[in-house]
Amino acid sequence: MNLLIKEIVAAVEGINYAQHLDDQTISSVEFDTRKVRENSLFVPLKGARDGHDFIPQAIDNGASLVLSEKDLSEDIAYIKVEDTLIALQKLSRFYLEKSAPKVIGITGSNGKTTTKDMTAAVLSQAFKTYKTQGNYNNHIGLPYTILSMPEDTEMLVLEMGMDHKGEIEVLSNLATPDIAAITLIGESHIEYLGSRAGIAEAKMEITSGLKKEGILIIPNDEPLLKRLIVDISQEVESFGIDTQATLSASILSETKVDTQFETNLFEGEVFSIPVLGGYNVKNALIALLIGNHFGIPVSKMKNGLETFDLTKNRTEWLKTNDGIDILSDVYNANPTAMKLVLDTFSALELEGKKYIVLGDMLELGELSSQMHESISEHISPNHIDQVYLYGEQMNALYNLLNDRMPKGSLHFYHKTEKKELMKHLSSQLQSKDTVFLKASNGMGLNEVVDFLLKNHE
């Protein structure tokens, strides 16, 4: 990124207290003082702490310019604005328009990060591509992602997350995507949105900023979305498995390390993704639709999917030094996603015993007990040897499974008993066993994964 200070002043519509530096170039924008370097613009945001308190530290670390809602001393080059967050968003919009990449927006209750990774991998086969890093997918992270992209970016793949109604609308209007994709409608944040219908409406906000000539991509098997697309003027494409969609797949094989499939559009071509699960094939179909739209040859799209890098903690295979396999999916959880991975894991043919560790799925509101209980239909003693349930909400599932699982195969731990869970699980696992872990991020099952890796060296 290279922006003149006078360009920044105009973009954020601020008062310029750095006139003597108008023709100086800013090469990065940061709101974390630890990332500030020479020629950085520091944007103090208000959170648990007021970022304005860290302005001296940002200057010490090399910041050349500061945005501020407050008057600062004369020796600091700064631009005064009414709201630093809004200024950050305005600046990102200016830089996006100046750089003019094609923009792909991706949202959904599950799979949006994997879809982002797959899509970026496909597009990067033919274009200079930049994608959302980590979980920078909200009203702060998305503009930061835009401002972090290289000037010569041709394709920008943006993940759009939300907790409440109206949040995706803000992100979509900031990014004005050329293509928008919705992976699926699940139950994430149903506590705030009331129902799956409410979640579908919130996800459809991604069309708020979708360009008039843009394309919306949706799952073919989601009637809640099909009812909503009648009100939009943009082209709509669909995807699915063994269905009448714009792009449909048939799964040929599934192993723990890859999944192979063929499609209706690319006859005779076999695609492979280095992850398990038919649900990930659906994510790959989105990437293929987008790649095809931009004219990427099939051979290159295949290579992109075969070699894509999956963001950490999303259905990630790990292995301890003494031969225990760990399937870590501990970043997020909702009932739809948990059922999908459980079904896939249950069907895998593995050498040793199968263990599952399931933690609470958060933000399910009044439906929480019912939704935790619904997981029981996807856990069978014929396919799972040991079940570990963790958290107060999982007590509902424990009560249902108590009569179904053989004695000694079902274990329950309160949220305060994580250490006990880790020690007992670790003591039971043996070489060639496999353990699958999934929960909402707030349950901290990543600590269990780290414990197993450390104690089975």
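Residues numbered from 1 in each chain as written. Predicted model: local features only at pLDDT ≥ 70, side-chain atom pairs only at ≥ 80, totals over all residues. Heavy atoms only, no water.

What is the right way to read helix H3 (residues 84-99) from this model?
Every α-helix winds through 3.6 residues per turn, so residues three or four apart in the chain are directed the same way. For H3, spanning 16 residues, the distance from its first C-alpha to its last is 22 Å, which sits close to the expected 22 Å at 1.5 Å a residue. Every buried residue of H3 is accounted for by Thr84, Ala87, Leu88, Gln89, Leu91, Ser92, Tyr95, Leu96 and Ser99. For H3, the side-chain oxygen to backbone nitrogen distance between the N-cap and Leu85 is 2.9 Å, and the N-cap itself is Asp83. Just beyond H3, the residue with positive phi is Ala100, at close to 55 degrees. (Helix = DSSP H or I, 4+ residues; strand = E, 2+ residues; numbered from the N terminus. Expected span 1.5 Å × (residues − 1). Buried < 20%, exposed > 50% of the residue type's maximum accessible area, 1.4 Å probe, protein only. Polar contact = N/O pair within 3.5 Å; in protein donor to acceptor, adjacent residues only side chain to side chain.)

Help me understand the packing of helix H1 (residues 5-12) against H3 in this model?
A packed helix pair is summarised by two numbers, namely the angle formed by the two axes and the spacing between the axes. Packing of H1 against H3 brings their axes to within 8 Å, and their N-to-C directions diverge by 120 degrees. Regarding H1 and H3, the two cross each other, and that crossing is right-handed. Of H3, the residues touching H1 (which contributes Glu7, Ile8, Ala11 and Val12) are Ala87, Lys90, Leu91, Phe94 and Lys98. Residues belonging to the contact of H1 with H3 are distributed by class as follows: 6 nonpolar, no polar and 3 charged. (Axes fitted to C-alpha atoms, helices over the stretch in contact; angles between N-to-C directions. Left-handed = near helix turned anticlockwise from the far one by under 90°. Contact = heavy atoms within 4.5 Å. Nonpolar A, V, L, I, M, F, W, Y, C, P; charged D, E, K, R; others polar.)

When you look at the nonpolar core in this model, what are you seeing that I'm missing?
Nonpolar side chains in soluble globular proteins tend to end up buried together. By size, the foremost hydrophobic cluster in this structure holds 81 residues, and its most contacted members are Leu216, Leu358 and Ile379. Non-local contacts of Ile379, meaning those with residues more than four positions away in its chain, are made with Leu342, Ile356, Leu358, Val387, Leu397, Leu401 and Met405. Phe266, Val281, Ala287 and Leu305 belong to the second-largest nonpolar core, a separate cluster that totals 34 residues. (Core = buried A, V, L, I, M, F, W, Y, C linked by side-chain atoms within 4.5 Å.)

In this structure, what is going on with the pattern of salt bridges? I would like to understand it.
Close approach of charged atoms allows side chains with opposite charge to pair. A complete count under the given rule lists 22 salt bridges for this structure. Across the pair Lys131 and Asp117 runs a salt bridge whose closest N-O atoms are separated by 2.9 Å. Of the two residues, Lys131 is situated in strand E9 (residues 129-131) and Asp117 in helix H4 (residues 112-123); the sequence distance between them amounts to 14 residues. A residue is classified by how much of its surface remains accessible, and Asp117, at 1% relative accessible area, is buried. When the shortest N-O distance is used, the salt bridge between Glu222 and Arg196 registers 2.6 Å. Within this pair, whereas Glu222 is found in the loop between strand E12 (215-219) and helix H9 (223-226), its partner Arg196 is found in helix H8 (residues 196-203), the two being separated by 26 residues in sequence. With relative accessibility at 29%, the residue Arg196 sits in the partly exposed group. Put simply, Lys116, Asp117, Lys131 and Glu159 are held in one network by salt bridges that share partners. (Salt bridge = Lys/Arg side-chain N within 4 Å of Asp/Glu carboxyl O.)

Hey, could you run me through the sheet that holds strand E8 (residues 102-107) in this one?
Within a sheet, each strand pairs with its neighbour through backbone hydrogen bonds, oriented either parallel or antiparallel. Strand order across the open sheet formed by 9 strands is E9-E10-E8-E11-E12-E13-E14-E15-E16, with mixed pairing between neighbours. Of all strands in the sheet, those bounded by a partner on one side alone are E9 and strand E16 (270-273). Within the sheet, the average angular offset between the axes of one strand and its neighbour, ignoring direction, is 20 degrees. Against the sheet, H4 touches E8, E9, strand E10 (155-159) and E16, its axis set at about 175 degrees to E10. Along the sheet, helix H10 (residues 278-293) contacts E8, strand E11 (179-182), E12, strand E13 (235-241), strand E14 (247-254), strand E15 (259-263) and E16; its crossing angle with E13, the most-contacted strand, is approximately 145 degrees. (Pairing = 2+ DSSP bridges.)

For this particular structure, what's the right way to read the environment of Thr114?
Tracing the backbone through its elements, the reader meets Thr114 in helix H4. Given the relative accessible area of 6%, Thr114 is considered buried. Remark: the alpha-carbon pair of Thr114 and Ala287, spanning 173 residues in sequence, is separated by 10.0 Å. In contact with Thr114, not counting residues within four places along its chain, are Asn280, Asn283, Phe308, Leu310 and Arg314.

Would you explain the sheet that holds strand E17 (residues 316-319) in this entry?
Sheet architecture is open: 6 strands sit in the order E17-E18-E22-E19-E20-E21, paired in mixed fashion. One side of each edge strand has no neighbouring strand; the edge strands of this open sheet are E17 and strand E21 (410-413). In this sheet, neighbouring strand axes are inclined to one another by 15 degrees on average, regardless of whether the strands run parallel or antiparallel. Examined bridge by bridge, E17 and strand E18 (residues 325-329) share 4 bridges and lie antiparallel to one another.

Quick question: what am I supposed to make of the pairing of E15 here?
Within a regular strand, the side chains alternate between the two sheet faces. Along E15, the buried face is formed by Thr259, Phe261 and Thr263; none of Gln260 and Glu262, which line the opposite face, is buried. When E14 meets E15, the two strands line up antiparallel, connected through 5 bridges. Counted as the bridge partner of Ser250 is Glu262 from E15. Taken together, E14 and the strand that follows it, E15, pair antiparallel across an intervening segment of 4 residues. Where E15 and E16 come together, 4 bridges link them in antiparallel fashion. What sits directly across from Glu262, in E16, is Val270.

In this structure, what is going on with helix H6 (residues 167-175)? I would like to understand it.
Listing the buried residues of H6 in full gives Ile168, Leu171, Ser172, Leu174 and Ala175. Down the axis of H6, the smallest arc covering the buried residues is 160 degrees, so these residues share one side. As for H6, its buried residues are in contact with H3, E8, helix H5 (141-148), E10 and H8. Of the residues flanking the end of H6, it is Thr176, one or two places downstream, whose phi is positive at about 40 degrees. (Arc of directions from axis to C-beta.)

Hey, could you run me through the side chain of Glu205 in this one?
Inspection of the secondary structure assignment puts Glu205 in the loop between H8 and E12. One buried charged residue, Glu205, forms no salt bridge at all, with the nearest opposite charge on Lys165 at 4.1 Å. Engagement of the side chain of Glu205 in a polar contact is seen with the backbone nitrogen of Ile168, the distance being 3.4 Å. Here Glu205 is in contact with Lys165, Gly166, Glu167, Ile168, Glu169 and Ser172, once residues within four sequence places are set aside. (Lys, Arg positive; Asp, Glu negative; His and termini not counted.)

It is not clear to me how the packing of aromatic side chains should be interpreted in this structure. Could you clarify?
For any pair of aromatic rings, the description consists of the separation of the ring centres together with the inter-plane angle of the planes. Counted by the stated rule, this structure contains 10 aromatic pairs. Ring centres of Tyr17 and Tyr78 lie 4.7 Å apart, and the angle between their planes is 10 degrees; on these two criteria the pair is classed as stacked. Highlighted residues: Tyr17 in strand E2 (residues 15-17) and Tyr78 in strand E7 (residues 78-80), separated in sequence by 61 residues. Since its relative accessible area comes to 37%, Tyr17 is described here as partly exposed. (Phe/Tyr/Trp six-rings, centres within 6.5 Å; stacked < 30°, edge-to-face > 60°.)

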